[in-house]
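Fold and geometry: a report
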Amino acid sequence: MIYDCHLHTCFSGDSKASVRSQVERAISLGMKEICFTDHHDHDSWFCEDNFELDIPAYLKAMKTYQKKYKDRIRINIGIELGLQDHLGAYFERFDEVFRDSFDFVIGSSHFVSCMDPYYPSYWEHHGEREGITSFLEASLARAKAFYPYFDSFGHLDYVVRYAPHKDYAYSYEAFKDWIDPILQVLIDHGRALECNTGGLKYGLSQPNPSSSILKRYREMGGELITIGSDAHAPEHLGYGFDACQRLLRECGFRWYAVFHGRRPEMIPL
Ligand SMILES: [Zn+2]
Ligand SMILES: [Zn+2]
């Protein structure tokens, strides 16, 4: 079983899962390693949930679980860093203080101009195509500005999950002017692209990003892939991993990466 490297617990404002329940589930699925990546969306005051992580408390708890389970599973400590345009100075400071505290940092776009595509108001404001464009435009600017601070770029086209007609107005071809340069930034700077299976449990037929983007990344010379279910509850841990493994092999990947101490270790797919 592929090791799940995108997992949430009750340290995230939108999850009630205990660390223990996630770890036990991973062990029952036969995983030898996992990586927790709880949300840290600094300055997300406009959200209903609190996405600001109590980092010292999180690190302390995770280290305790690492020790407790060391003979049964390797627990890596990661974080999902929410990327917003105005946070450059904050990320610089974050990196100075916490660079060595984490095994793995996912950089994810969740919001555009303090609006969350999760809510219909985002789409009412933008319209469908423009909502996707704005998200990808912001993602490109953030990949360029913030690549020094993350290891893998989270769920690249995740905005499509919440579009009113899902992927009806969406394809790689229609948005390649934004997608290709994002992939190029990742390749140029040795950053990984995340394959996130979280949308599959809501009936999406593709992971984020979609197979055409995964293929394109491989075509452009991209090799570093990380894989995560984005599970906020134990029953979703490892969700869709068999299909994901087949898809990635079809797209030309033979390895995926698991990060230890911010360095990738390649594992056969
Ligand atoms: Zn996310
Ligand atoms: Zn997540």
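The structure we're discussing is the one just above.
One structure accompanies this document, and this report is about it. Computed from a predicted model, the values in this text were never measured in an experiment. (Residues numbered from 1 in each chain as written. Chains lettered and ligands numbered in written order. Predicted model: local features only at pLDDT ≥ 70, side-chain atom pairs only at ≥ 80, totals over all residues.)

1. Overview of the overall build of the chain
A tally of regular secondary structure across the chain gives eight helices and nine strands. In terms of overall size, the chain behaves like a compact globule, its C-alpha atoms giving a radius of gyration of 17 Å where 269 residues would be expected to give roughly 18 Å. For the C-alpha atoms alone, the extent of the chain along its principal axes is close to 50 × 40 × 35 Å. Each of the 269 residues in the chain was classed as buried or not, and the buried ones make up 44%. Contacts in the chain between residues at least 24 apart in sequence constitute 79% of all its contacts with a sequence separation of at least 6. (Helix = DSSP H or I, 4+ residues; strand = E, 2+ residues; numbered from the N terminus. Rg over C-alpha atoms; globule rule 2.2 N^0.38 Å. Buried ≥ 20, exposed ≤ 12 C-beta atoms within 10 Å, placed from the backbone. Contact = placed C-beta atoms within 7 Å.)

2. A few points about the pairing of strand 3 (residues 74–82)
Looking along a regular strand, one sees the side chains alternate between the two faces of the sheet. Within strand 3, seven of the nine residues are buried, which leaves it mostly tucked inside the rest of the structure. Pairing between strand 2 (residues 33–40) and strand 3: eight bridges, direction parallel. The partner of T37 across the bridge, within strand 3, is G78. The pairing of strand 3 with strand 4 (residues 104–108) spans five bridges and is classified as parallel. Across the sheet, residue I79 finds its bridge partner in strand 4, namely V105. A crossover connection joins strand 3 to the parallel strand 4 through helix 3 (residues 88–98); in handedness this β-α-β unit is right-handed. (Pairing = 2+ DSSP bridges. Right-handed = clockwise from strand over helix to strand, strands pointing away.)

3. Section: helix 8 (residues 241–250)
Burial in helix 8 covers these residues: F241, C244 and L248. Down the axis of helix 8, the sector holding all buried residues measures 55°, keeping them to one side. For helix 8, the exposed residues lying more than 90 degrees away from the buried face are D242, R246, R249 and E250. Those residues of helix 8 that are buried are in contact with strand 6 (192–196), helix 7 (211–219) and strand 7 (225–228). Trailing helix 8 by a residue or two, G252 shows a phi angle of about 105°, which is positive. (Arc of directions from axis to C-beta.)

4. What about the nonpolar core?
Counting 63 residues, the largest nonpolar core has L193 and I225 as its most contacted members. Counting residues per element, this core draws most heavily on helix 6 (residues 172–188), at six residues. The contact partners of I225, leaving out residues within four places of it in the chain, are A192, L193, C195, L248, F253, Y256 and A257. (Core = buried A, V, L, I, M, F, W, Y, C linked by C-beta atoms within 7 Å.)

5. Some thoughts on the sheet that holds strand 6
Within the open sheet, the seven strands sit side by side as 1-2-3-4-5-6-7. Their pairing is parallel. Looking along the sheet, the strands with just one partner apiece sit at the ends: strand 1 (4–7) and strand 7. Here four bridges tie strand 6 to strand 7, and the two strands are oriented parallel to one another. Paired with L193 across the bridge in strand 7 is I225.

6. Here we look at unusual backbone geometry
With an omega dihedral of 0°, the bond running from N208 to P209 counts as a cis peptide bond. Located in the positive-phi region is S113, a residue other than glycine, with phi close to 45°. As for its placement among the helices and strands, S113 is situated in the loop between strand 4 and helix 4 (120–126). Unlike most non-glycine residues, H155 shows phi in positive territory, near 20°.

7. Points about the environment of E194
Residue placement: E194 occurs in strand 6. Residues E194 and D49, spaced 145 residues apart in sequence, show a C-alpha to C-alpha distance of 24 Å. Residues in contact with E194, not counting those within four places in the same chain, are H6, I106, S152, F153, G154, H155, T226 and G228.

8. Considerations on the packing of helix 6 against helix 7
Where helix 6 contacts helix 7, the axes come no closer than 11 Å and their chain directions differ by 40°. Relative to helix 7, the element helix 6 is oriented oblique. Our pair here, helix 6 against helix 7, has a crossing hand that is right-handed. Across the interface between the two elements, Y172, I179 and L183 of helix 6 pack against S212, I213, R216 and Y217 of helix 7. By residue class, the composition of the contact of helix 6 with helix 7 is five nonpolar, one polar and one charged. (Axes fitted to C-alpha atoms, helices over the stretch in contact; angles between N-to-C directions. Parallel < 35°, antiparallel > 145°, perpendicular 65-115°, else oblique. Left-handed = near helix turned anticlockwise from the far one by under 90°. Nonpolar A, V, L, I, M, F, W, Y, C, P; charged D, E, K, R; others polar.)

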